[in-house]
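# Chains, contacts and geometry: an overview
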Amino acid sequence: MTVYEFAKGLILEAGNNVTKIMQQEIEIETKSNPNDLVTNVDKATEKFLFDNIKKTYPNHAVIGEEGHGHDLSETSGVVWVVDPIDGTLNFVHQQENFAISIGIFKDGEPYAGFVYDVINNVLYHCKAGEGAYENERLLPTLIEDILEKSIIGINPNWLTKPKLGPMLQPIVEDSRSARAYGSAALEIVYVATGKLGAYITPRLQPWDFAGGMIILNEVNGRATNMLGEPLSILHPNSVVVANSSLHENLIHNYFDNYKDTLIALHERFK
Ligand code: IPD
Ligand code: CA
Ligand code: CA
């Protein structure tokens, strides 16, 4: 069995466990602030993934949101980047619109990506270089489209920030419309399927984007930070995800004018 096949079976099993535990009462705790939530399901799912990966592949490294591998300082060997529940606020408030996300890298290069929309039983997945799938359907290469004809994904909270609002508001104004789904992993795969033209956010952790980014690569989408630089899986990043011509338009016509603000933002991520 390949690592890709093993990971595919594992994420489906993790999703199955989530739907079972959800039937019981969800225990909620706060983390860094009253809106930063974690549940027993986030923790149990990360533990399930970590224990099974380590049992099968003791030499693989795992970076997970809820505590595993945060001290990793380099990407040699096989590294799994895991978000047990992406969209925890949706999970708590809506019991839907969340996903399990896994990105696997070999010596820093994308190897396989998975984003599992548990409630709808849709698995977005790929082995790098072999095309991306929505369940069994091969996803076509992305169609290039202009901002004026695109729906973009962006969390409205960012538009209220004094330094970032003026940079982001013109993008919303120039787009056909904007949406916020509350799960970065799902929003990135919505770009990969063409449901969104772009997804933009000034700050994400590696586990939020790792799985989706690998899937997006397979359909010729682009994912970088707002300075147009590659995304690192070792620290937070700003993230711009889009088809390649829209991506270039966003970087050159919207973000370039805010280079100093963006450089200062990224300094804080290191
Ligand atoms: C969050 C979601 C959300 C994004 C946040 C993430 P979590 O992940 O992806 O859409 O706006 O920045 O932290 O905490 O639900 O795993
Ligand atoms: Ca997340
Ligand atoms: Ca999470």
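In this text, all values refer to a predicted model and were calculated from it rather than measured experimentally. (Residues numbered from 1 in each chain as written. Chains lettered and ligands numbered in written order. Predicted model: local features only at pLDDT ≥ 70, side-chain atom pairs only at ≥ 80, totals over all residues. Heavy atoms only, no water.)

## Some points on the overall build of the protein chain
Secondary structure assignment for the protein chain yields eight helices and 14 strands. Compactness check: the protein chain gives a C-alpha radius of gyration of 18 Å against a globular reference of 18 Å for 270 residues, within 12% of the reference. When the 270 residues of the protein chain are sorted by exposure, 51% land in the buried category. Relative to all contacts within the protein chain whose residues are 6 or more apart in sequence, the contacts with residues 24 or more apart total 62%. Approximately 12,300 Å² of the protein chain is accessible, and the part contributed by carbon and sulfur atoms is 47%. (Helix = DSSP H or I, 4+ residues; strand = E, 2+ residues; numbered from the N terminus. Rg over C-alpha atoms; globule rule 2.2 N^0.38 Å. Buried < 20%, exposed > 50% of the residue type's maximum accessible area, 1.4 Å probe, protein only. Contact = heavy atoms within 4.5 Å. Areas by Shrake-Rupley, 256 points an atom, 1.4 Å probe, with all protein chains shown as cover.)

## A word on the coordination of the calcium ion (ligand 2)
Protein-derived coordination of the calcium ion (ligand 2) comes from Asp-83 (OD), Asp-86 (OD) and Asp-208 (OD), at a distance range of 2.1 to 2.2 Å. The distance between the calcium ion (ligand 2) and the calcium ion (ligand 3) comes to 3.7 Å, and Asp-83 binds to both of them. Taken together, the residues Asp-83 in strand 4 (residues 78-86) and Asp-208 in helix 6 (residues 206-218) connect sequence positions 125 residues apart. The exposure class assigned to Asp-83 is buried, which follows from its relative accessible area of 0%. (Donors = N, O, S within 2.8 Å, 3.2 Å for Na, K, Ca; no water.)

## Regarding the coordination of the calcium ion (ligand 3)
On the protein side, the calcium ion (ligand 3) has Glu-65 (OE), Asp-83 (OD) and Ile-85 (O) as donor atoms, found 2.1 to 2.3 Å from it. Accessibility expressed as a relative area gives 1% for Ile-85, which makes it buried.

## A closer look at the pairing of strand 4
Burial within strand 4 is extensive, with nine of its nine residues counted as buried. Pairing between strand 3 (residues 61-64) and strand 4: four bridges, direction parallel. Bridge pairing in strand 4 links Val-62 to Trp-80. For strand 4 and strand 5 (residues 99-106), the ladder comprises seven bridges, and the chain directions are antiparallel. Looking across to strand 5, one finds that Val-79 is bridged to Phe-105. (Pairing = 2+ DSSP bridges.)

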